[in-house]
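Reading the structure
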2 protein chains.
Amino acid sequence: MSVKLTNSEQIHNLLDQYDYFLFDCDGVLWLGDHLLPSVPETLDLLKKLNKKCIFVTNNSTKARDDYLSKFRKLGIEGITKDEVFGSSYASAVYVDKILKLSKDKKVWVLGEEGIEKELKELGYTTVGGSDPLLVEDGVKFNPDHPALSNLDEQVGAVLAGLTFNLNYLKLSLTMQYLLKDNKSIPFIATNIDSTFPSKGKLLIGAGSIIETVSFASGRQPDAVCGKPNQAMMNSIKADNEGLRTNPKRGLMIGDRLNTDMKFGRDGGLDTLLVLTGIETEENVLKLQQDVAPTYYAEKIGDLFEYYKK
Amino acid sequence: MSVKLTNSEQIHNLLDQYDYFLFDCDGVLWLGDHLLPSVPETLDLLKKLNKKCIFVTNNSTKARDDYLSKFRKLGIEGITKDEVFGSSYASAVYVDKILKLSKDKKVWVLGEEGIEKELKELGYTTVGGSDPLLVEDGVKFNPDHPALSNLDEQVGAVLAGLTFNLNYLKLSLTMQYLLKDNKSIPFIATNIDSTFPSKGKLLIGAGSIIETVSFASGRQPDAVCGKPNQAMMNSIKADNEGLRTNPKRGLMIGDRLNTDMKFGRDGGLDTLLVLTGIETEENVLKLQQDVAPTYYAEKIGDLFEYYKK
């Protein structure tokens with residue numbers, strides 16, 4: 001059964017036990033644009049204790065640089081790019097290191113600028129994505145749109161993620177590339193979260209958008225790069241030797257059982273669920289041992305607040 | 001094994017054997033806006049022989065009146081509204097006769113005017129659908145859009161079908177109604193064809209769009225009204241006593257195995273596959289006996305052309 005963090009002694013033991021603290025962001029550090037209590041103090045404490053903090057997010061609409069801006073905007077200073085792992089970055093790394101896609105090939109993007117930026121940083125050219133020509137007719141669909149008859153022969157991978165600026169043309173074009181060349185172009189998903197929390201509501205997540213093009217093309221993604229997939233964990237371990245050799249020195253902190261907690265557990269880390277996101281204490285207490293997080297806490301700021309007591 | 005129709009004697013026997021001729025439209029009578037050869041002559045022949053012709057389509061973007069206009073535009077005269085069964089009409093009938101939704105309730109529509117017209121004709125008020133307020137921001141998503149915070153409490157059913165004028169707001173709103181009231185609002189799909197043939201390409205079909213809101217809400221449609229579902233067949237039989245009592249006097253003609261041929265077979269009718277749509281002779285000859293159509297032909301116009309020989 002999961003242990004609830006409720007006192008100073010537990011926190012001191014926990015801080016002795018772990019060197020690597022992996023954080024989900026939305027629902028853990030902030031809710032939308034609202035910082036959660038004692039978050040800067042908790043991160044400062046971990047830095048002072050020489051702990052390695054790594055931020056792991058499935059939101060592919062932002063690139064790592066956008067996350068650094070967001071941290072600064074919310075008053076959290078000193079985060080560096082190598083501490084941030086987003087599903088857009090993980091997907092770009094997948095295209096480069098695992099697919100080993102030639103740099104003269106292009107990537108068709110169903111998604112936003114976060115994905116485009118990370119791919120460009122690794123030397124790739126993208127098509128689709130935020131191209132204004134694909135939204136020139138707005139929500140009206142023109143079956144004679146030139147993009148439908150002029151598929152780009154250089155496209156060597158399809159990368160799909162969360163897209164707010166969605167229309168029928170973008171979905172149908174993504175489908176054309178998935179069917180093209182006898183369905184041989186690799187199909188990568190940033191993440192498959194079905195929903196996306198926003199202002200107290202659940203909205204359509206990346207996974208639900210990807211379902212459309214999956215069902216239409218009869219193809220499942222060849223790889224899913226976000227949590228809980230271990231591709232991102234392996235990238236983190238590759239950069240952090242101590243975590244690779246001894247994952248039990250790492251603690252994954254998040255607000256979702258099926259992505260964050262599974263991501264940590266599958267990577268061999270201990271896990272801490274916070275109740276500031278979508279899970280409730282009642283649900284946590286009902287979990288079977290094999291899926292229960294190691295710890296749970298009301299909020300991440302409790303690490304700082306109990307430590308100081 | 002399926003019998004290929006290739007001579008006059010076969011056609012004369014076939015015309016003796018059946019009283020009811022059910023036709024899929026796109027891929028059988030026309031391709032888009034292009035009428036296929038000898039179609040008016042074939043339909044005239046059937047009328048002269050006092051055969052009952054019924055037109056059965058899964059395209060929910062049109063209402064029955066729109067189909068009558070299309071028949072006239074293509075030069076086919078004399079078709080009446082009671083001879084046309086579309087998935088938009090079948091869905092409206094389902095809401096009325098099976099769900100028995102009260103007329104003071106509203107129907108949330110993810111779809112186009114065909115659905116709205118058929119529902120209105122049965123006395124229902126619709127929300128969503130082609131409402132211009134839902135596309136006022138075009139493809140841009142505004143998370144503060146008032147529709148998201150003001151769900152219509154009168155909505156008593158969600159009806160989803162093919163939508164070209166798609167955006168993230170419409171999908172997210174559909175999801176809100178599917179989650180509302182503890183997921184208790186009935187969820188009806190016009191049809192679940194994954195793709196849609198248009199100008200030599202396959203585009204995103206109703207089923208693929210419905211997958212998005214299904215996956216996001218964790219709900220499958222409670223009913224699918226188009227082919228191959230038998231709800232539409234039962235409506236047709238209700239209006240045609242002779243077909244109801246002896247389905248083997250009916251022949252379902254279509255271009256798709258998994259919708260048209262299954263629809264006919266499940267209804268106890270014999271089946272005729274035409275090769276003017278998406279199936280090939282090579283595929284037909286490989287089919288197992290239990291899914292092979294009774295007959296196949298190069299085109300529907302062969303009925304007229306061989307009859308005259």
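Residues numbered from 1 in each chain as written. Chains lettered and ligands numbered in written order. Predicted model: local features only at pLDDT ≥ 70, side-chain atom pairs only at ≥ 80, totals over all residues. Heavy atoms only, no water.

Considering the overall build of chain A
Within chain A, the secondary structure is distributed over 13 helices and 16 strands. In terms of overall size, chain A behaves like a compact globule, its C-alpha atoms giving a radius of gyration of 20 Å where 309 residues would be expected to give roughly 19 Å. Taken along its principal axes, the extent of the C-alpha atoms in chain A is 65 × 40 × 40 Å. Within chain A, the fraction of its 309 residues that count as buried is 58%. Across chain A, every contact between residues at least 6 apart in sequence was considered, and the portion connecting residues at least 24 apart equals 69%. (Helix = DSSP H or I, 4+ residues; strand = E, 2+ residues; numbered from the N terminus. Rg over C-alpha atoms; globule rule 2.2 N^0.38 Å. Buried < 20%, exposed > 50% of the residue type's maximum accessible area, 1.4 Å probe, protein only. Contact = heavy atoms within 4.5 Å.)

Re the pairing of strand S2 (residues 20–23) of chain A
Residues and elements named next belong to chain A. Burial along S2 is two-sided: Tyr 20 and Leu 22 and Phe 21 and Phe 23, pointing in opposite directions, are all buried. Across four bridges, S2 lies against strand S5 (residues 52–57) in parallel orientation. Bridge pairing in S5 links Phe 23 to Phe 55. Inspection of the sheet shows S2 paired to strand S14 (residues 250–254) by four bridges, in the parallel sense. Note on S14: the bridge partner recorded for Phe 21 is Leu 251. (Pairing = 2+ DSSP bridges.)

Side note on the domain arrangement of chain A
Residues and elements named next belong to chain A. Entries for chain A in the domain assignment read domain 1 (3–58 + 227–307) and domain 2 (103–224). Spacing between the C-alpha centres of domain 1 and domain 2 amounts to 31 Å. Contact residues are listed per partner, giving five residues for domain 1 and five residues for domain 2. Interface area for domain 1 against domain 2, summed over the two sides, is near 510 Å², with a carbon-plus-sulfur share of 35%. Its largest share of buried area at the contact with domain 2, domain 1 owes to Asn 58, Asn 229 and Arg 256, together 66% of the area lost on that side. Run the count over domain 1 and domain 2 and you get one salt bridge. Ionic pairing is found between Asp 193 and Arg 256, a salt bridge with its closest N-O pair at 3.9 Å. Applying the counting criterion to the domain 1 and domain 2 interface returns two residue pairs in polar contact (both at pLDDT 80 or more). (Domains from an automatic or database assignment. Buried area = accessible area lost by both parts, 1.4 Å probe. Salt bridge = Lys/Arg side-chain N within 4 Å of Asp/Glu carboxyl O. Polar contact = N/O pair within 3.5 Å; in protein donor to acceptor, adjacent residues only side chain to side chain.)

Description of the packing of helix H7 (residues 168–183) of chain A against helix H8 (residues 206–217) of chain A
All names here are of chain A. Running from N to C, H7 and H8 point in directions that differ by 40 degrees, and their axes come no closer than 9 Å. In terms of orientation, H7 and H8 fall into the oblique class. The crossing of H7 and H8 is right-handed. Residue-level contacts link Leu 171, Thr 174, Met 175, Leu 178, Leu 179 and Lys 183 of H7 to Ile 209, Thr 212, Val 213, Ala 216 and Ser 217 of H8. (Axes fitted to C-alpha atoms, helices over the stretch in contact; angles between N-to-C directions. Parallel < 35°, antiparallel > 145°, perpendicular 65-115°, else oblique. Left-handed = near helix turned anticlockwise from the far one by under 90°.)

Concerning the interface of chain B and chain A
Of the residues lining the interface, 38 residues belong to chain B; the matching set on chain A comes to 39 residues. Buried surface at the junction of chain B and chain A, summed over both partners, amounts to about 3200 Å²; 68% is from carbon and sulfur atoms. Interface area lost by chain B to chain A is led by Val 139, Tyr 168 and Ile 204 of chain B, which between them contribute 23%. Where chain B touches chain A, the interface holds two salt bridges. The interface formed by chain B and chain A holds eleven residue pairs in polar contact (both at pLDDT 80 or more) in total. Only helix H6 (146–149), helix H7 (168–183), strand S11 (195–198), strand S12 (201–204) and helix H8 (206–217) of chain B provide two or more residues apiece to the side of chain B that touches chain A. Of the residues forming the side of chain B that touches chain A, the biggest block, eight residues, is contributed by H8 of chain B.

Remarks on the sheet that holds strand S9 (residues 155–160) of chain A
All names here are of chain A. Ordered in space as S8-S7-S9-S10-S13, the five strands form an open sheet in which the pairing is parallel. Edge strands, defined here as strands with exactly one partner in the open sheet, are strand S8 (125–128) and strand S13 (223–224). In this fold H7 packs onto strand S7 (106–110), S9 and strand S10 (187–189), with an angle of close to 140 degrees to the strand it touches most, S7.

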